[in-house]
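Coordinate analysis (summary)
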Amino acid sequence: MNPDPAELLYAYAVLRDTPAAASGLETVTGVAGEPVRAVRDGGLAALVGPVPAAEFDEEGLRERLEDLAWLEHVARGHQRVVDAASAGAPCVLPLRLATVYRDEEGVRRMLAARHAAFGAALDRLAGRAEWGVKIHTVAEGTGGAPPPGPPSRARPPAPRAAMSGRDYLRRRAAERQAREEEWRHVDEAARGIHAALATLAEETRLYPPQNPRLTGRPGRNVLNAAYLVPRERGAAFTAAVAGLAGRAPRDGLQVELTGPWAPYSFVTGEPSREPAHEAGAP
């Protein structure tokens, strides 16, 4: 197929090339509202769709990477294709967001170059799903875990006489120590939750805490983790999360569960985005 210079091929995922590889995708659209098709090579298939080069080439992406609304739209479209493919395949390997190629030949070269890695990942991840768990502190204002128990209803203290500099420093030191103890307790509780869930997972991934300014959630993100769980163990995993979430508020924590997803966090050997000026080169 001759490439259209105004378009690139956005690659969503890799899976085994079977008759069902692209089934269920007839009514699914990708990140640009485009139809999705399979490009096949050596027993593997990549799910791709044409997208505007002006948005997804090197310059277009640089201009849009700070546009959170655009990124969310692309991420939702990417996930929509992966979810549709996962409904009809035993294993789907999601590719990195905004992985693009100049033409189908570039996609086939990628499949051939990573054939062994993709095959091993498909075997390793078949019959498994990813679950995400985030733990936040129960926060007031800009963050911080409140001490367990109901808020105090005591009347405000009466004004105190001016304290000496030494007394002031002692009070500040005591307050700092109390905050440190509070955070130490929160971190230990979050570590305990992660350790309990890790016993039900085959693999785990820990990610940096999310910025509350980006998520819009109050409180400090103390755990941002992904768990690879066999599908037959999914009910036990969700039950364990529910039990831990029910006890978490006494430690000043809230637990959020997402999934099941395709194993985004556990795919190894996926290619980086191929630069548009190199993609499709002989």
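Residues numbered from 1 in each chain as written. Predicted model: local features only at pLDDT ≥ 70, side-chain atom pairs only at ≥ 80, totals over all residues. Heavy atoms only, no water.

Digging into the overall build of the chain
Within the chain one finds eight helices and nine strands. Residue pairs in contact within the chain that sit at least 24 positions apart in sequence constitute 78% of those at least 6 positions apart. (Helix = DSSP H or I, 4+ residues; strand = E, 2+ residues; numbered from the N terminus. Contact = heavy atoms within 4.5 Å.)

Quick word on the environment of leucine 95
Examined against the element boundaries, leucine 95 turns out to sit in the loop between β4 (93-94) and β5 (100-101). Sequence spacing of leucine 95 and leucine 47 is 48 residues, and the spatial spacing of their C-alpha atoms is 9.7 Å.

Quick word on the pattern of salt bridges
This structure, assessed with the given rule, holds 10 salt bridges. The partner of arginine 37 in a salt bridge is glutamate 104, with the nearest N and O atoms 3.0 Å apart. A residue pair is termed long-range when its members are at least 10 positions apart, and arginine 37 in strand β2 (residues 37-41) and glutamate 104 in helix α4 (residues 104-113) qualify at 67 residues. Ionic pairing is found between arginine 128 and glutamate 202, a salt bridge with its closest N-O pair at 2.5 Å. One end of the pair, arginine 128, is in strand β6 (residues 128-137); the other, glutamate 202, is in the loop between α6 (165-198) and β7 (203-206), and 74 residues separate them in sequence. The partly exposed category is assigned to glutamate 202, whose relative accessible area is 38%. (Salt bridge = Lys/Arg side-chain N within 4 Å of Asp/Glu carboxyl O. Buried < 20%, exposed > 50% of the residue type's maximum accessible area, 1.4 Å probe, protein only.)

Some remarks on the packing of aromatic side chains
Aromatic rings considered in pairs are described by the distance between their centres and by the relative angle of their planes. Per the stated rule, a full pass over the model turns up five aromatic pairs. A centroid spacing of 5.4 Å and a plane angle of 45° characterise the contact between phenylalanine 56 and tryptophan 70, whose relative ring orientation is tilted. Taken together, the positions of phenylalanine 56 in helix α1 (residues 53-56) and tryptophan 70 in helix α3 (residues 68-86) put the pair 14 residues apart, joining distant regions of the chain. Residue tryptophan 70 is classed as buried on the basis of its relative accessible area, which comes to 12%. Summarising the aromatic geometry, the rings of tyrosine 227 and phenylalanine 237 are spaced 5.5 Å apart at their centres and angled 50° between planes, so their arrangement reads as tilted. (Phe/Tyr/Trp six-rings, centres within 6.5 Å; stacked < 30°, edge-to-face > 60°.)

Concerning the confidence of the model for the chain
Looking at the chain, the pLDDT average stands at 83 and 78% of residues meet or exceed 70. Taking the mean pLDDT of every element in the chain, the minimum, 73, falls on helix α7 (residues 212-215) and the maximum, 97, on α4. Per-residue pLDDT stays below 50 along residues 141-154; that stretch engages in 16 contacts with residues further than four places along the chain or on separate chains. (pLDDT = per-residue confidence, 0-100.)

Some details on helix α5 (residues 115-125)
Within α5, burial applies to Phe118, Gly119, Ala121, Leu122 and Leu125. Along the axis of α5, the buried positions cluster into a sector of 165°, meaning they face one direction only. Summarising the geometry of α5, the exposed residues directed more than 90 degrees from the buried face are Ala116 and Asp123. As for α5, its buried residues are in contact with β1 (7-16), β3 (44-52), β4, α4, β6 and β8 (221-230). Two residues or fewer after α5 comes glycine 127, characterised by a positive phi angle close to 75°. (Arc of directions from axis to C-beta.)

Considering the sheet that holds β7
Reading across from one edge, β7-β8-β6-β9 is the order of the four strands in this open sheet, with antiparallel pairing throughout. The outermost strands of the open sheet, each flanked by one partner alone, are β7 and β9 (253-261). Looking at each pair of strands side by side, their axes are set apart by 20° on average, direction ignored. As paired strands, β7 and β8 are joined by four bridges and run antiparallel to one another. The residue bridging glutamate 203 from the neighbouring strand is leucine 228, located in β8. (Pairing = 2+ DSSP bridges. Axes fitted to C-alpha atoms, helices over the stretch in contact; angles between N-to-C directions.)

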